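Close look at the chain arrangement
Now for the letters of each chain:
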Amino acid sequence: MNKKTKNNSQQIPTGFKQTDIGLIPEDWELKKLSEASEIIMGQSPPSSTYNSEGNGLPFYQGKADFGNVYPTPRIWCTSPAKIAEKNDILISVRAPVGPTNLSFEKSGIGRGLSAIRTRENHYLYLYYYLNKIEKVIEKLGTGSTFKAINKSQLYNIEIPLPPLPEQKKIAYVLSKIQQAIEVQEKIIKTTQELKKALMQKLFTEGLYGEPQKQTEIGPIPESWEVKEMSEITKITSGGTPSRKIPKYYTGENLWVKSGELEDNIIEDTEEKITDEAIANSSAKIFPQDTILIAMYGATVGKTAILKKKSTTNQAVCAILPNYDLFDPEFLRHYFITIRDKFLSQRYGGAQPNISQTIIKNTKVPIPSITEQKEISKIFKNLDLKIVLQNNHLSILKEFFHTTLNQLMTGQIRVKDIEFKIEETQLSLLEKGQRDV
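Residues numbered from 1 in each chain as written. Predicted model: local features only at pLDDT ≥ 70, side-chain atom pairs only at ≥ 80, totals over all residues. Heavy atoms only, no water.

Considering the overall build of the chain
Within the chain, the secondary structure is distributed over 12 helices and 25 strands. Relative to the globule expectation of 22 Å for 436 residues, the C-alpha radius of gyration of the chain, 28 Å, shows a markedly less compact shape. The buried share of the chain, reckoned over its 436 residues, is 46%. Sequence separation of at least 24 residues holds for 71% of the intrachain contacts in the chain that already meet a minimum separation of 6. A total of about 22,300 Å² of accessible surface is found on the chain, and carbon and sulfur atoms cover 50% of it. Here the chain holds 57 positive side-chain charges and 51 negative ones, and the gap between their average locations is 5 Å. (Helix = DSSP H or I, 4+ residues; strand = E, 2+ residues; numbered from the N terminus. Rg over C-alpha atoms; globule rule 2.2 N^0.38 Å. Buried < 20%, exposed > 50% of the residue type's maximum accessible area, 1.4 Å probe, protein only. Contact = heavy atoms within 4.5 Å. Areas by Shrake-Rupley, 256 points an atom, 1.4 Å probe, with all protein chains shown as cover. Lys, Arg positive; Asp, Glu negative; His and termini not counted. Charge placed at Lys NZ, Arg CZ, Asp CG, Glu CD.)

Here is the structure:
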């Protein structure tokens, strides 16, 4: 027994202590959430007190109202039963359990939420810690129809508490990374909006400032033609090999499902099939630069382009390349611009579909191959920029989660770092603006 105790003590790093939630620095406290804060369980008032005209207080009912940091009001309440104050932490206590936001202003809260009001601790530190353990809180949820966490479970969540000055510094560091993430998200959104605007402009005005003519698909440059898809290429679809024969899905032939279409480039697939699977099904091999359009499923209307030869399932329409008449990227981007109009022709009930016939009958603009390629190059450059921006965003998010974990466990200490923290700088949105 003594030997075991000695071995355990040897495993604890200098300056740390073992607690019910793991190792934390010796100078940190461990308290229950109810000891570190006041907890207000939400309550739903009569629906007759709700309105959408802005009368009363903003009223939040659950996770559906949450943004990245602050909730967005959809309804207001003239007689809320429970109140959250500005900078209270809002936590979802009914499916889903665990997500958090910050209260932007005095608000009413329904029974899907609880408000956590810090006592002698910093609200942003506590907000970030609850963000860190969201999955842990989620596992506390119980219930057969939908998960929920009760008052007792919420009260007993244990929180590691550094001294208040260190809490503020931790919150400051994390808020700065969070702000960098928000800036990067806005940059991506701006680039995507630029691309959308350019697509609309280039598909109606072209590159050379030509006079326009009115056509059945709208205004286009005078030198452009309008062609029906069936006139310029072959359009077909794939097939699904029998799932009853598992060996069919152990091959090397790429096999695209409609869910993999996200207006993207496809160089690999989740599943691959054998030559035998192709021979014994309606699946067929499509060449590089084939344009794909999802005909049904959650991604209906979304596109992709093959950068390697591939097969597809029957939910994917394949537009085979015809380099003499169209540049594949030019045509794919045109289908993106007309998606709403395109999808208005869907048929079916709960899961509307589009058909090969609709695609074959679609009329498209056809400029010279030279102009098509020049327009495609513009889109490709913007797509590359968006990819790089998204990669940078992924790095920032990974850095945030790594730093969050290290700061909240004391692996990185900021207590001895000298920097001045203004209270206003601790706001996630320094100008006090909600998520857009």
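Moving on from the model shown.
Regarding the sheet that holds strand E21 (residues 291-294)
The 5 strands are arranged E17-E24-E21-E22-E19 in an open sheet whose pairing can be described as mixed. Looking at the sheet topology across the chains shown, the edges are occupied by strand E17 (235-237) and strand E19 (264-266). Within the sheet, the average angular offset between the axes of one strand and its neighbour, ignoring direction, is 30 degrees. Bridge count for E21 against strand E22 (residues 303-306) is 3 bridges, and the pairing is antiparallel. Paired with Ile 291 across the two strands is Ile 305, which belongs to E22. Relative to the sheet, helix H9 (residues 328-337) contacts E19, E21, E22 and strand E24 (316-319), its axis offset from that of E22 by approximately 170 degrees. (Pairing = 2+ DSSP bridges. Axes fitted to C-alpha atoms, helices over the stretch in contact; angles between N-to-C directions.)

Points about the pairing of strand E15 (residues 218-221)
As paired strands, strand E14 (residues 212-215) and E15 are joined by 4 bridges and run antiparallel to one another. Among the inter-strand pairings, Lys 213 is bridged to a residue of E15, identified as Ile 220. Between the end of E14 and the start of E15, which pair antiparallel, lie 2 residues.

Focus: the packing of aromatic side chains
Here the structure, examined in full by the defined rule, presents 9 aromatic pairs. Measuring from centroid to centroid gives 5.4 Å for Tyr 127 and Tyr 128, while their planes differ by 55 degrees, and the two rings are tilted. Each member of the pair Tyr 127 and Tyr 128 is classed as buried. Here the aromatic rings of Phe 203 and Phe 379 are separated by 5.7 Å at their centres, their planes lie at 45 degrees, and the arrangement is tilted. Remark: Phe 379 occurs in helix H12 (residues 369-408) and Phe 203 occurs in helix H6 (residues 164-205); sequence separation between them is 176 residues. Phe 379 carries the same exposure label as Phe 203, and that label is buried. Feature note: the residues Phe 203, Trp 224, Phe 330, Tyr 334 and Phe 379 constitute an aromatic cluster, connected by ring pairs. (Phe/Tyr/Trp six-rings, centres within 6.5 Å; stacked < 30°, edge-to-face > 60°.)

Some details on the confidence of the model for the chain
Per-residue confidence for the chain gives a mean pLDDT of 92; residues scoring 70 or more make up 91%. Across residues 1-7 the pLDDT falls below 50, and counting only partners more than four positions away or on other chains, this stretch makes 0 contacts in the model. (pLDDT = per-residue confidence, 0-100.)

Side note on the sheet that holds strand E20 (residues 271-273)
Pairing is mixed in the open sheet, where 3 strands are placed in the order E20-E18-E23. A single partner strand is all that each edge strand has here, and the edge strands are E20 and strand E23 (311-312). Sheet topology note: the strand E18 (residues 253-256)/E23 ladder contains 2 bridges and is parallel. Residue pairing for E23: Trp 255 is matched across the bridge by Thr 311.

Focus: unusual backbone geometry
Put simply, Ala 95 and Pro 96 share a cis peptide bond, and its omega is 0 degrees. Along the polypeptide, Pro 96 turns up in the loop between strand E9 (89-92) and strand E10 (100-102). Even without being glycine, Asp 263 reaches a positive phi, approximately 55 degrees. Among the secondary structure elements, Asp 263 is positioned in the loop between E18 and E19. On the basis of relative accessible area, Asp 263 is assigned to the partly exposed category, the value being 25%.

With respect to the environment of Ile 366
Counting through the fold element by element, Ile 366 comes out in strand E25 (residues 363-366). Judged by relative accessible area, which is 7%, Ile 366 ranks as buried. Spatially, the C-alpha atom of Ile 366 lies 7.7 Å from that of Leu 325, the residues being 41 residues apart in sequence. Excluding residues that lie within four positions of it along the chain, Ile 366 makes contacts with Trp 224, Glu 225, Lys 227, Ile 232, Leu 325 and Gln 372.

Re the side chain of Asp 289
Tracing the backbone shows Asp 289 in the loop between helix H8 (275-279) and E21. Judged by relative accessible area, Asp 289 falls into the buried class, the value being 12%. A distance of 3.1 Å separates a polar atom in the side chain of Asp 289 from a polar atom in the side chain of Lys 307. Setting aside its immediate chain neighbours within four residues, Asp 289 contacts Ile 305, Leu 306, Lys 307, Pro 321, Tyr 323 and Pro 328. (Polar contact = N/O pair within 3.5 Å; in protein donor to acceptor, adjacent residues only side chain to side chain.)

Examining the packing of H6 against H9
Close contact between H6 and H9 brings their axes to 10 Å; oriented N to C, the two are set at 105 degrees. By the angle between their directions, the pair H6 and H9 is classed as roughly perpendicular. For the pair formed by H6 and H9, the contact residues are Lys 195, Met 199, Gln 200 and Phe 203 on the first element and Phe 330, His 333, Tyr 334, Ile 336 and Thr 337 on the second. Across the contact of H6 with H9, the residue classes tally to 5 nonpolar, 3 polar and 1 charged. (Parallel < 35°, antiparallel > 145°, perpendicular 65-115°, else oblique. Nonpolar A, V, L, I, M, F, W, Y, C, P; charged D, E, K, R; others polar.)

Topic: H6
Over its 42 residues, H6 extends 61 Å from the first C-alpha to the last, a length consistent with the 62 Å expected when each residue adds 1.5 Å. In the segment just after H6, Gly 206 is the residue with positive phi, at about 70 degrees. (Expected span 1.5 Å × (residues − 1).)

Considerations on the pattern of salt bridges
Overall, the coordinates contain 20 salt bridges when judged by the stated rule. Each of Arg 243, Lys 257, Glu 270 and Glu 271 takes part in salt bridges that share partners, so that together they form one network. (Salt bridge = Lys/Arg side-chain N within 4 Å of Asp/Glu carboxyl O.)

A few points about the environment of Thr 311
Tracing the backbone through its elements, the reader meets Thr 311 in strand E23. On a C-alpha basis, the gap between Thr 311 and Glu 158 in space is 52 Å, while along the polypeptide they are 153 residues apart. At 2.7 Å, the side chain of Thr 311 forms a polar contact with the backbone oxygen of Leu 254.

Side note on H9
Judged by how many residues are buried, H9 sits mostly within the fold: 9 of 10 residues are covered. Those residues of H9 that sit buried are Pro 328, Glu 329, Phe 330, Leu 331, Arg 332, His 333, Tyr 334, Phe 335 and Ile 336. Measuring from the side-chain oxygen of the N-cap residue of H9 to the backbone nitrogen of Glu 329 gives 3.2 Å; that N-cap residue is Asp 327.

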